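Report on the structure
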Amino acid sequence: MRFLLDPEHRAFAASLDAMLTAADTPGTAREWGRGEHARGRALWARIADAGVFALAVPEAYEGLGPRPVDLAVAFVELGRHAVPGPLVETVTAAALLREPGPAKRLLPALASGASMATVAYEDASSEEGAFALDGDAADVRLSVTPAGLRLAPGYDGVRPSLDPARRLARLSAGGELLSVGPPAPRALLTARLATAAQALGVGLALLERTVAYVGRRTQFGVPVGSFQAVKHRLADTRIALEFARPLVLGAAVTMAPADVAAAKASACEAAYGAARTALQAHGAIGYTAEYDLSLWLTKARALRTAWGTPDECRAAVLAARARPVSR
Amino acid sequence: MDLTLTREEEAFREEARAWLAAHVPRTALPSLETAEGFAAHRAWEAELAADRWSVVNWPARYGGRDAGLVRWLLFEEEYWAADAPGRVGQNGIGLLAPTLLAHGTEEQRARVLPPMATGEVVWAQAWSEPEAGSDLASLRSRAVRAEGGWLLSGQKTWSSRAAFADRAFGLFRSDPTAPKPHQGLLYVMFGLRAPGVTVRPVGRLDGEPTFAELFLDEVFVPDEDVIGEPGDGWRIAMSTAADERGLTLRSPGRFLAAADRLHALWRAKGGPPETAGRVADALIGARAYQLFTYAAAARTRAGERLGPESSMNKVFWSELDIALHETALDLLGARGEAADTAWARRYVFALAGPIYAGTNEIQRDIVAERLLGLPKGRR
Ligand SMILES: Cc1cc2nc3c(=O)[nH]c(=O)nc-3n(C[C@H](O)[C@H](O)[C@H](O)COP(=O)(O)OP(=O)(O)OC[C@H]3O[C@@H](n4cnc5c(N)ncnc54)[C@H](O)[C@@H]3O)c2cc1C
């Protein structure tokens, strides 16, 4: 057993971090939220060049994957930098496209970054139909229903999200049937894992920015970060994130449903807790849209319910344990 | 990065599991916090030691198996899953031994470690004093130079297991003129039945008496029982406390086993949905702690030092432990208050977690200042 990131993983994370730091992702995210996709697409191409989407695409279709650990490492960085777009949905689409015909036709462009995908997951419980993230920007729109996987012909109107960088669309009914009985459970694991990793990155960014802020901002003649009430809340934030991290990486290693659900629940709770703490510790400036912190604050909320709420994930942990496990 | 066990690790786990299946007492031993239970647990330590299972990660020459941290973790998982007895030797094994391995002399290691491994000598930790709790460095018990050694005087308190233990290790002020409270301290081992020592047991919240106050009146200790250089006691005590607080104070196996028991209890109660989330959180927390510890063990094996990040462990497991046991008592309903059940006993013990080994407030300060780099505030 060697539960430690390999040097290649660390180097991969560091190179993505450097590339994204130089890319003005906050500015890109703001444009994306206004429906201006040019800079976002250019960034997407660079992320694809770094190999990120190829990690979800099998080698047979011009990808490098599936490589969940690398994917998790990459998504932490994408979350840390608040990269906009249907990132999770594109790798989820790669996991859904398993029939040789459609896979051969659609996957190479996803791997290379030439196209982006979105996915709407209809389940029996959704009354008004599922949303597809960035349905207006995506080139490949997949709708998953109990009956099968379809290539949706279009979308019906766009709704805003709590996270201004996310835009929600309902996919049009009908369209080409790509497969009956798509590998939905496996794809759901990919979606949850990537969301968990992205949320972890969002939480880490929130903590990092908040630590920097409370070190600078003075009140009562001292930095607010020297007050114990502030420090302890930030310490708890750090602890929650640091214990979510091994769950995310461990889930990527095993891809066991309970592990992935545990990772999603704890990373999203930790990120959401980080958002609440970040907002509180910033005071009013944290509540302004102009200040970049808002990009991560709202994303933490959106990711929390995307691809399974914490409570649904907890239920999945218990369901996977319905039979006693031998350890 | 992987989680698959090597053939050797798998074989080690199997060997431990088989040994435990054959040896763990069928009926639980009496509480180790009583005289009778203490003796029974001492005998259990001897049984473990006879087949080299008492200190698996120690060097073989002192009674261990050179197993390393990962195999120690696997051993602990099996140990707690088998519901084996609590470890009466834990203070010595978890705190003094690593200190001696890092800072002791070969003579001290050869003399002290083997009888510790067999339970023949059980150790108590004598750090806290009535006026020195979180502010441990303000301690006032003194060590005064004497012919061939030192004379210890003063008062120690909250010393776990000292009522029945044989020896203790602790910090004493050897140079009252040192400019800072952290300086001029002596780290020393002494006998609890030596002339000049009075041990007064103190009942704990759970009513058990092994917790004790120690009164020392010119207790002689020879030079060979001083660990490291006189005056350097603080650094020595802290260097190992921080490393070990994270990894070896509370192994994940304990919480994995407790979470499994909680899950079984929940299912036996028909899986009430209103408690489902809390049961899931216990399972998730135990898994998180297991993986976090694997990662820490892997980093140590790669030559990294852990230091202040162990403070994160301390807060995490102590809160997990309480939440988990609270959930169990709530599931038991009005019967949860019956004090003679294993759940209730473990619950009351869990309540001490955020207090001992440095309170969680102190740990949060360490995380905030040493890991996050936030400014020091008023103490
Ligand atoms: C079950 C149990 C076993 C123990 N076993 C041992 C043992 O074997 N050997 C031994 O030496 N000791 C032992 N202890 C003692 C333990 O280490 C101390 O209780 C602990 O260090 C706290 O000290 P205190 O109790 O004096 O609390 P205090 O230091 O008086 O603290 C009281 C409260 O104030 C808070 N506080 C204090 N300072 C600060 C600060 N700067 N910032 C924020 N909050 C602060 C504390 O967190 C705590 O909540 C044990 C304690 C327990 C409960």
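Residues numbered from 1 in each chain as written. Chains lettered and ligands numbered in written order. Predicted model: local features only at pLDDT ≥ 70, side-chain atom pairs only at ≥ 80, totals over all residues. Heavy atoms only, no water.

1. A short note on the interface of chain B and chain A
Each side of the interface is counted separately: chain B has 54 residues, and chain A has 42 residues. Interface of chain B and chain A: buried area, both sides summed, is about 4,200 Å²; carbon and sulfur atoms make up 68% of it. The largest per-residue losses of area from chain B upon contact with chain A belong to Met1, Ile284 and Leu372 of chain B, which jointly make up 20% of the total buried on that side. Scanning the region where chain B abuts chain A turns up five salt bridges. Counting residues per element, the ones that place at least two in the side of chain B that touches chain A are helix H1 (7–23), helix H3 (68–81), helix H7 (252–268), helix H8 (273–301), helix H9 (310–332) and helix H11 (360–371) of chain B. Ranked by the residues each element gives to the side of chain B that touches chain A, the list is headed by H8 of chain B, at 18 residues. Split by residue class, the side of chain B that touches chain A holds 30 nonpolar, seven polar and 17 charged. (Contact = heavy atoms within 4.5 Å. Buried area = accessible area lost by both parts, 1.4 Å probe. Salt bridge = Lys/Arg side-chain N within 4 Å of Asp/Glu carboxyl O. Helix = DSSP H or I, 4+ residues; strand = E, 2+ residues; numbered from the N terminus. Nonpolar A, V, L, I, M, F, W, Y, C, P; charged D, E, K, R; others polar.)

2. Structural notes on the environment of glutamate 361 of chain B
Position of glutamate 361 of chain B relative to the elements: it lies in helix H11. Separated by 320 residues in sequence, glutamate 361 of chain B and histidine 41 of chain B have C-alpha atoms that sit 33 Å apart.

3. Some thoughts on the UniProt feature "domain: Acyl-CoA dehydrogenase/oxidase N-terminal" (unreviewed entry) in chain B
In this numbering, the UniProt entry assigns the feature "domain: Acyl-CoA dehydrogenase/oxidase N-terminal" (unreviewed entry) to residues 6–120 of chain B. Taken end to end, residues 6–120 of chain B is 63% helix and 0% strand, and its first and last C-alpha atoms sit 35 Å apart. (UniProt positions renumbered as here; feature names shortened; annotations may be inferred.)

4. Thoughts on the state of the cysteines
Counted according to the given criterion, the structure contains zero disulfides over all chains. Sulfur of cysteine 313 of chain A: no disulfide; nearest cysteine sulfur belongs to cysteine 268 of chain A and is 7.2 Å away. (Disulfide = S-S within 2.5 Å.)

5. Notes on the sheet that holds strand E5 (residues 155–160) of chain A
Residue and element names in this part refer to chain A. Reading across from one edge, E2-E6-E5 is the order of the three strands in this open sheet, with antiparallel pairing throughout. The sheet is open, and its two edges are formed by strand E2 (131–133) and E5, each paired on a single side. The mean inter-strand angle of the sheet, taken between neighbouring strand axes irrespective of direction, is 35°. (Pairing = 2+ DSSP bridges. Axes fitted to C-alpha atoms, helices over the stretch in contact; angles between N-to-C directions.)

6. Considerations on the environment of arginine 287 of chain B
Mapped onto the elements, arginine 287 of chain B comes out in helix H8. Here the alpha-carbon distance between arginine 287 of chain B and alanine 22 of chain B, two residues 265 residues apart in the chain, equals 27 Å. Ignoring sequence-local partners within four residues, the contact set of arginine 287 of chain B consists of Leu247, Thr254 and Asp259 of chain A together with Leu3 and Leu256 of chain B. In terms of polar contacts, arginine 287 of chain B uses its side chain to reach the side chain of glutamine 290 of chain B, at 2.9 Å. (Polar contact = N/O pair within 3.5 Å; in protein donor to acceptor, adjacent residues only side chain to side chain.)

7. Considerations on the sheet that holds strand E7 (residues 176–179) of chain A
Residue and element names in this part refer to chain A. Across the sheet, four strands lie side by side as E1-E3-E4-E7; this open sheet has mixed pairing. Unpaired on one side and paired on the other, strand E1 (117–121) and E7 mark the two borders of the sheet. For this sheet, the mean inter-axis angle between neighbouring strands, taken without regard to orientation, is 30°. Against the sheet, helix H6 (residues 100–112) touches E1, strand E3 (140–145), strand E4 (148–151) and E7, its axis set at about 90° to E7.

8. Examining the pattern of salt bridges
Under the counting rule described, the total for this entry stands at 48 salt bridges over all chains. Across the salt bridge formed by arginine 2 of chain A and aspartate 6 of chain A, the nearest N and O atoms sit 3.1 Å from each other. Given the relative accessible area of 37%, arginine 2 of chain A is considered partly exposed. Here aspartate 6 of chain A falls in the buried class, since its relative accessible area comes to 17%. Notably, a salt bridge pairs glutamate 106 of chain B with arginine 109 of chain B, separated by 3.3 Å at the nearest N-O pair. Taken together, the residues glutamate 106 of chain B and arginine 109 of chain B, both in helix H5 (residues 106–117) and three residues apart, mark about one turn of the helix. Its relative accessible area of 38% is what places glutamate 106 of chain B among the partly exposed residues. Within this structure, Glu269, Arg304, Asp311 and Arg314 of chain A together with Asp281 of chain B form a network of salt bridges that share partners. (Buried < 20%, exposed > 50% of the residue type's maximum accessible area, 1.4 Å probe, protein only.)

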